[in-house]
Amino acid sequence: MSVTSSDSASHSGALEGSSAALEGSNAQRGLWSSRLAFILAATGSAVGLGNIWKFPYVTGENGGGAFVLVYLLCIAVVGIPIMMAEVMIGRRGGRSPVKSLSLIAERDRLNPAWKLVGAIGILAGFLILSFYSVIGGWAISYVGTTASGQLTGQTADAVGAIFSGLLSDPTTLLAWHTLFMALVMVVVVRGVRSGLERAVSILMPALFVLLLIVVGYAMTTGHFGQAVAFLFQPDFSKLTTSGILVALGHAFFTLSLGMAVMMAYGSYLPKNISIAKTSMTVSVIDTGVALLAGLAIFPIVFANGLEPGAGPGLIFQTLPLAFGQMPMGSLFGTLFFVLLIFAAWTSGISLLEPIVEWLEERKGMNRTVSTLGAGIVCWALGIASILSLNLWADFAPLGFVPMLEGKTIFDLLDFFTANIMLPLGGLLVALFAGWVMSREAMEKELALSPGMFNLWLITVRFITPVAVAIVFIYNLM
Ligand code: PHE
């Protein structure tokens, strides 16, 4: 608890300075203890349901290899440059995303409205956490389902009924959602060093080990060669325009971009650590985990003659069915869902951190109050997502808008965050870094060779905004 109060004291102490605080502020705040700590935390944020749940199913839906290639290109060309921009803005300002942007704007005599970019990001992260936690709850529930051996030898119908049974039961969903939010809050309340850093330094290595175990299992019991070919042999006839857009949108989501998370984490980054190298490392690990998740899942899917394009149910229905048929499937199925919880947990932490950082600073609340406040409101909002799956399944609050017809609250939250707030946040970050922020400040923060700096600048100026604008407009159509 002493850490909590000293954290908040350093926050409020750092607040009084305005532009002068830009340089000196970091020294007074709790910072990541090392480059490795930041890498683990940022990777913990990036590696989540997006890698293990979403990447395999969107890859399956979009035909495999060619989609993977486009996705890799999006990570390299759009993802890494934006991550560098976000971390840079966060470290430059050294405060919550909103305050960092407004300090930078004040100092460089820019329009103060730029701070809204941070606000959009914080709000998006908060909204996402409300339903991310519900899905995290499914993962918790599936640990019990697999460990109890309920799936052993079951038919596809029976496995499907377990999943729909879970979704139709609000009380059970609420219990797991509550547990997930509690896990997130327990870590965030302890602050950067003794909360976030300690959690990720245990959870991330554990996650890597579990992932390798499950890949090893898939390699020996599944159709590994077929999975490798599916993921890495591009067949461009299977690539569609919408597949390209999905790849770009997913690159954003999976790297936790456009949601102020990397800004918040960057604000705790010591000045002597290279932003470019760490951003690249985080992106490479995140991509590696997604590909390994594919190598864990598809061999099992193919060996059991299942459909790779099964959609969102792939890991909650298809995969459990396969585990139920395989030797030691209960054990490895359980390990798989534990891994999924760890991945979702460290991402959940990163979704709560920006708003807690902002509340501490803006409202002068201590860390305990701001974590409890934000966490409980987010938990309560999650109840609406839970009810959307059952009792409110027919309730479409914005159904009068043609594009939003039939969308439940859960669907709306997902739609607005993923399709509107996130690309908008990313676009604005690229525009801010590419066109508005002072070049001198950016050169100093990034400390790249002139050639590399120009390459980065050209990317965030032109390539990223155009790519994101295309996705944005397409998604709205
Ligand atoms: N990147 C996380 C994932 O892949 C999700 C996330 C998005 C986390 C945005 C934080 C912020 O699941």
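Remember, it's a predicted structure, so these values are computed and weren't measured experimentally. (Residues numbered from 1 in each chain as written. Predicted model: local features only at pLDDT ≥ 70, side-chain atom pairs only at ≥ 80, totals over all residues. Heavy atoms only, no water.)

Trainee: So what's going on with the overall build of the protein chain? Residues and values would help.
Mentor: A tally of regular secondary structure across the protein chain gives 20 helices and 0 strands. Taking 23 Å as the expected radius of gyration for a compact globule of 477 residues, we find that the protein chain reaches 22 Å, a close match to that expectation. With respect to the principal axes defined by its C-alpha atoms, the protein chain has extents near 65 × 50 × 50 Å. For the protein chain, with 477 residues in total, the buried portion stands at 58%. Summarising the internal contacts of the protein chain: among those between residues at least 6 apart in sequence, 81% fall at separations of at least 24. Just so you have it, the protein chain exposes about 17,400 Å², and 68% of that area is on carbon and sulfur atoms. Taken together, the 23 basic and 24 acidic charged side chains of the protein chain have centroids lying 11 Å from each other. (Helix = DSSP H or I, 4+ residues; strand = E, 2+ residues; numbered from the N terminus. Rg over C-alpha atoms; globule rule 2.2 N^0.38 Å. Buried < 20%, exposed > 50% of the residue type's maximum accessible area, 1.4 Å probe, protein only. Contact = heavy atoms within 4.5 Å. Areas by Shrake-Rupley, 256 points an atom, 1.4 Å probe, with all protein chains shown as cover. Lys, Arg positive; Asp, Glu negative; His and termini not counted. Charge placed at Lys NZ, Arg CZ, Asp CG, Glu CD.)

Trainee: Requested: an account of the nonpolar core, with residues and values cited.
Mentor: The biggest cluster of nonpolar side chains holds 162 residues, and the ones touching the most others in it are W32, F336 and W456. Here F336 is in contact with I52, V214, I297, I315, L319 and F323, once residues within four sequence places are set aside. Within the second largest apolar cluster, 5 residues are counted, among which are L404, L412, I420 and F472. (Core = buried A, V, L, I, M, F, W, Y, C linked by side-chain atoms within 4.5 Å.)

Trainee: Please give an account of the pattern of salt bridges that cites residues and values.
Mentor: Evaluation of the coordinates by the stated rule reveals 7 salt bridges. For E445, the salt bridge identified is with R92, shortest N-O distance 3.6 Å. Of this pair, E445 sits in helix α19 (residues 439-446) while R92 sits in helix α5 (residues 65-93), and the two are 353 residues apart along the sequence. A salt bridge links E445 to K271, with the nearest nitrogen and oxygen atoms 2.9 Å apart. Taken together, the positions of E445 in helix α19 and K271 in the loop between α13 (261-266) and α14 (275-303) put the pair 174 residues apart, joining distant regions of the chain. Note on E445: relative accessible area 5%, which makes it buried. For K271, a relative accessible area of 35% translates into the label partly exposed. (Salt bridge = Lys/Arg side-chain N within 4 Å of Asp/Glu carboxyl O.)

Trainee: Account for the side chain of R367, naming residues and giving values.
Mentor: Within the fold, R367 resides in helix α17 (residues 367-388). Its relative accessible area of 1% is what places R367 among the buried residues. Side-chain polar atoms of R367 contact the side chain of E353, separated by 2.3 Å. (Polar contact = N/O pair within 3.5 Å; in protein donor to acceptor, adjacent residues only side chain to side chain.)

Trainee: Report on unusual backbone geometry, specifying residues and quantitative values.
Mentor: At M328, a position not held by glycine, the phi torsion is positive, near 55°. The residue M328 is located in the loop between α15 (314-325) and α16 (329-362) in this model. Judged by its relative accessible area of 56%, M328 falls in the exposed class. You will see that A447, though not glycine, has its phi angle at about 50°, which is positive. With respect to the helices and strands, the residue A447 is situated in the loop between α19 and α20 (450-476). A447 gets classed as exposed once you look at its relative accessible area, which sits at 61%.

Trainee: Please give an account of the site of the ligand that cites residues and values.
Mentor: What surrounds the ligand is a group of 15 residues, the closest being A46, L49, G50, Y132 and F253. Here a nitrogen atom of the ligand sits 3.3 Å away from a polar atom, N or O, in the main chain of S45. In this structure, an oxygen atom belonging to the ligand sits 3.0 Å away from a main-chain N or O atom of L49. For the ligand, whose free accessible area comes to 320 Å², the fraction covered by protein is 100%. Elements that contribute at least two residues to the shell around the ligand include exactly α3 (35-46), α4 (49-61), α12 (241-254) and α16. For the shell around the ligand, the per-class residue count stands at 7 nonpolar, 8 polar and no charged. (Near = heavy atom within 4 Å. Nonpolar A, V, L, I, M, F, W, Y, C, P; charged D, E, K, R; others polar.)

Trainee: So what's going on with α16? Which residues, and what values?
Mentor: Its 34 residues place the ends of α16 50 Å apart at the C-alpha level, agreeing with the 50 Å of an ideal helix rising 1.5 Å per residue. In terms of burial, α16 is a largely internal element, 28 of the 34 residues being buried. Backbone geometry just downstream of α16 places G364 in the positive-phi region, at approximately 60°. (Expected span 1.5 Å × (residues − 1).)

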